[in-house]
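Examination of the molecular architecture
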Amino acid sequence: MFSDFSVALLDLFAQSLWETVLMVGIAGALGGLMGIPLGVFLRLTDRNGVLHQPFLNKVVGVIVNAVRSTPFIILLVAVIPFTRLLTGSSIGTAAAVVPLTLAAAPFVARLVETALREVDSGLIEAAQAMGANTLQIVFKVLLPEALPGIVASLTLTFVSLTGYSAMAGAIGGGGLGDLGIRYGYQRFLPEVMLAVVLVLIVFVQGLQSLGDWLVRRISHK
């Protein structure tokens, strides 16, 4: 028989896991929607890009690098006013999505830029020779050819966001990190902390396996 405390703890685990899935899923999707176009822009405007714009590339690159180099716990605190403006609160799952998205977008942008650099320049030159405009080059050459790398980049982003979401629990962001801190650390229940770590390991392994499977499927086409 489970005690009332054990049942309540299991309910908390289920709720916290769902909060983590929501945070990672929403922030990863929003980060991808922002980061992929940003990565495309960085690739198009770089030294060998179709839209060679060194000044714009440098400015955007500096901003992206500045956000990427900011430790997440500092970013979490620094954007609290912006988080409150968007969500009306600085704690909870919805509030945690804001800094998670801001951390994910530049991360995705650089990974996507790297994936696009791997596309054979000969394909781009051939498309230009046939009269393709910039949008056609992006959607018919760059993105299709770099799709496996982009999917791998998004997989890495979701995995990284899982760790960030656990860190967000340190300041009341909800999710498994919050559960581990409140019960595993503050209430001296090491078995809860261990369970949280094990669940996070399984969750990350599941994400990575799914991403690897998608990359294999896309690569074989």
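Residues numbered from 1 in each chain as written. Predicted model: local features only at pLDDT ≥ 70, side-chain atom pairs only at ≥ 80, totals over all residues. Heavy atoms only, no water.

1. Let's talk about the overall build of the protein
Counting secondary structure elements, the protein contains nine helices and zero strands. Counting helices and strands in the order they occur from the N terminus, the protein gives α-α-α-α-α-α-α-α-α. Each principal axis of the C-alpha atoms in the protein carries an extent, and together these give about 75 × 40 × 25 Å. Expressed as a percentage of its 221 residues, the buried residues of the protein come to 39%. (Helix = DSSP H or I, 4+ residues; strand = E, 2+ residues; numbered from the N terminus. Buried < 20%, exposed > 50% of the residue type's maximum accessible area, 1.4 Å probe, protein only.)

2. Observations regarding the packing of aromatic side chains
Counting across every chain of the model gives one aromatic pair. Both rings, one in Phe-72 and one in Tyr-164, keep their centres 4.7 Å apart while their planes meet at 10 degrees; by these two values the pair is stacked. With Phe-72 in helix H3 (residues 72–78) and Tyr-164 in helix H7 (residues 134–168), this pair connects stretches of sequence that are 92 residues apart. Residue class for Phe-72 comes out buried when judged on its relative accessible area of 7%. (Phe/Tyr/Trp six-rings, centres within 6.5 Å; stacked < 30°, edge-to-face > 60°.)

3. Structural notes on the packing of helix H6 (residues 121–129) against H7
For the pair H6 and H7, interaxial distance at closest approach is 10 Å and the crossing angle is 165 degrees. Relative to H7, H6 is oriented roughly antiparallel. Taken as a pair, H6 and H7 cross one another with a handedness that is right-handed. Here Leu-123, Ile-124, Ala-127 and Gln-128 of H6 come into contact with H7, specifically with Ile-137, Val-141, Leu-142 and Glu-145. Among the residues making up the contact of H6 with H7, the classes are represented as six nonpolar, one polar and one charged. (Axes fitted to C-alpha atoms, helices over the stretch in contact; angles between N-to-C directions. Parallel < 35°, antiparallel > 145°, perpendicular 65-115°, else oblique. Left-handed = near helix turned anticlockwise from the far one by under 90°. Contact = heavy atoms within 4.5 Å. Nonpolar A, V, L, I, M, F, W, Y, C, P; charged D, E, K, R; others polar.)

4. Quick look at the nonpolar core
Formed by 16 residues in total, the largest nonpolar core has its most connected members in Val-40, Leu-116, Val-138, Leu-142, Leu-143, Ala-146 and Ile-150. Listed by contribution, the elements that provide at least two residues to this core are helix H1 (4–44), helix H5 (93–117), H6 and H7. Examining the composition of this core, we find that seven residues originate from one element, H7, more than from any other. Aside from chain neighbours lying at most four places away, what touches Leu-142 is Leu-44, Leu-116, Val-119, Ile-124 and Ile-137. Membership of the second largest hydrophobic core comes to 15 residues, among which are Ala-27, Ala-96, Leu-100 and Ala-103. (Core = buried A, V, L, I, M, F, W, Y, C linked by side-chain atoms within 4.5 Å.)

5. Quick word on the environment of Phe-188
Along the polypeptide, Phe-188 turns up in the loop between helix H8 (175–185) and helix H9 (190–220). Taking the C-alpha atoms as reference points, Phe-188 and Val-79, separated by 109 residues in sequence, lie 31 Å from one another.

6. What about the environment of Arg-216?
Within the element layout of this structure, Arg-216 appears in helix H9. Judged by its relative accessible area of 45%, Arg-216 is partly exposed. Residues Arg-216 and Ala-152 lie 64 residues apart in sequence; the distance between their C-alpha atoms is 9.9 Å.

7. Some remarks on the pattern of salt bridges
Using the criterion set out here, one finds five salt bridges in the structure. Among the ionic pairs, Asp-46 bridges to Arg-117, the shortest N-O distance being 2.9 Å. Of this pair, Asp-46 sits in the loop between H1 and helix H2 (54–69) while Arg-117 is found in helix H5, placing the two residues 71 residues apart along the sequence. Given a relative accessible area of 5%, Asp-46 falls into the buried group. With a shortest N-O distance of 2.6 Å, Glu-113 and Arg-110 are connected by a salt bridge. With Glu-113 and Arg-110 both in helix H5 and three residues apart, this pair spans about one turn of that helix. Its relative accessible area of 5% is what places Glu-113 among the buried residues. Arg-110 sits in the buried class, given a relative accessible area of 17%. Bridged by salt links that share partners, the residues Arg-43, Asp-46, Arg-110, Glu-113 and Arg-117 form one connected network. (Salt bridge = Lys/Arg side-chain N within 4 Å of Asp/Glu carboxyl O.)

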